[in-house]
Every structure is written in structure tokens, then in C-alpha cells.
Amino acid sequence: MTAQPPEPSPRPVPSGELRASHDDREAVVEQLRDAAAEGRIDLDELDSRLEQALKSKTYAELAVLTADLPRLDSSGNRPPLVLKGGMYGASRGPGRWEVPGHVIAHGGLGGVKLDFTRAECRLTEVAVEAYGETSGVTIVIPDGWAADTSGMDPGVGGLRDKTTPDRLPGTPLIRLTGSGGMAGVVIRHPNRWERRKLDGNPTRG
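Cut-offs used in this document
Residues numbered from 1 in each chain as written. Predicted model: local features only at pLDDT ≥ 70, side-chain atom pairs only at ≥ 80, totals over all residues. Heavy atoms only, no water. Helix = DSSP H or I, 4+ residues; strand = E, 2+ residues; numbered from the N terminus. Buried < 20%, exposed > 50% of the residue type's maximum accessible area, 1.4 Å probe, protein only. Contact = heavy atoms within 4.5 Å. Areas by Shrake-Rupley, 256 points an atom, 1.4 Å probe, with all protein chains shown as cover. Pairing = 2+ DSSP bridges. Axes fitted to C-alpha atoms, helices over the stretch in contact; angles between N-to-C directions. Core = buried A, V, L, I, M, F, W, Y, C linked by side-chain atoms within 4.5 Å.

A. Spotlight on the overall build of the chain. If you tally the helices and strands in the chain, you get 4 helices and 10 strands. When the helices and strands of the chain are placed in sequence order, the string is α-α-α-β-β-β-β-β-β-β-β-β-β-α. The buried share among the 205 residues of the chain stands at 40%. Considering only intrachain contacts with a sequence separation of at least 6, the fraction spanning at least 24 residues in the chain is 70%. A total accessible area of about 11800 Å² is found for the chain, and carbon and sulfur atoms account for 52% of it.

Take a look at the structure:
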């Protein structure tokens, strides 16, 4: 009796095809209004883009409306976010949080998980320093985001970069530096279980 071939796993939904929420549309509306106030787009174009923003259903449709506008950099002036694993570990995300321009993660004894899948990021680049130390650091970025790991020292524990180079317009680049330490650093897109949670509850952490 021949074995049946395994069923193909469901195709992951790219982040650009995920459904946008009311808050997502409102954030684009505010960015468009600010751009008009700064003289970057005229009033006729503002009206046209606002109409499209309110009708947009996916992140990709919203991204097109602001692709030619500079990203707001207010969060880039914030102090670095520092996470220390300590004895019991530390994490940020997957709930909503605003990403600063610089994040520092020390794995310590308990490990650190840094999850950007629901993060609000208005920057073109985010500098992440990760130090695996004893228990390691795991970094999760949405589909469509990309990472540059060329400045990372793998150390003894190593660096596992499981991300894809397919970067959507308007999404940030994670520029990863630091050291793998003893336990290593992993940067990846959401796994199957995390995707299931995202698909089941797309607007809340």
C-alpha cells in the first residue's frame, strides 16, 4: 500500500494582503492630512487619496497611498527600548506597541522575545542590538519586512536568519547588530501557530 503524499500546507498570507482595520485607515488619513498641510500634496489629490483610504480593505492598498510620502520619524527620537531577560525572561509584543528607532535586547538567563507583528512603526529603519547571552533572543517580524544581519557577530550560539528578502514598499528594515553569545539569536517571520493567532484576531494583541 503506497503512502499518501502529505497535504500541502496553507500558503501564508503576505502582510500586504491582510485586512486593514479602522485604526489602520485612520492612521493613513492623518498622514495624508499632515502631508497636505505641509504642501506635499494639493487639496484635489488629498480628497482623492482620502476617498481611496476610506475604501481600502488591505494593508497593501493603504501602503500605495503613502508610498511617495516621507515616513514620520517622531518615534525615532525616543530613547532606546531596552529589554533584559534576567532570571525570568522578557518580551515585547505581540500586542500593539510603538517602535522606537533603537532597540536593545539582552537574553540574560531567561531569554528575550521581540515580536513586531502588531507593532506600530513609522520608521524606514530600526536598529536592533541583540545579545543572545545565556538563553538567546528571538525576533519576529511581519511578512513584507526585511532584515539586514550583516553587522551581526554570530558568537558561539550562532545567528539563524529565517527571513525572506521580499520587502514591501513602505515597510521598515530591521538592521540587526550585536552578538549571538552562548545561546544565539533567531530572526524570523511568524510561525504557523503565530499566524493562526494573527488570522483569528487581526486587530488586537
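Additional details are given in the paragraphs that follow.
B. The arrangement of the sheet that holds strand S2 (residues 90-92) in detail. The 5 strands are arranged S2-S4-S6-S10-S8 in an open sheet whose pairing can be described as parallel. The two strands at the open ends of the sheet, each matched to only one other strand, are S2 and strand S8 (159-161). Going from strand to strand, the sheet's axes swing by 5° on average, the running direction of each strand aside. Where strand S4 (residues 112-115) meets strand S6 (residues 137-140), 4 bridges bridge the pair, whose relative direction is parallel. Note that in S6 the partner of Leu 114 across the bridge is Ile 139.

C. How the structure looks around the pairing of S6. Here S6 pairs with strand S10 (residues 185-188) via 4 bridges, running parallel. Within S10, the residue paired with Val 137 across the bridge is Val 185.

D. Focus on the nonpolar core. Residues Leu 114, Phe 116, Val 126, Val 128, Ile 139, Ile 174 and Leu 176 are the most contacted members of the largest nonpolar core, which totals 25 residues. Elements with a contribution of two residues or more to this core: strand S1 (81-84), strand S3 (102-106), S4, strand S5 (125-131), S6, strand S7 (146-153), strand S9 (173-179) and S10. The residues contacting Ile 139, other than those within four sequence positions of it, are Leu 114, Phe 116, Val 128, Ala 130, Leu 176, Val 185, Val 186, Ile 187 and Arg 188.

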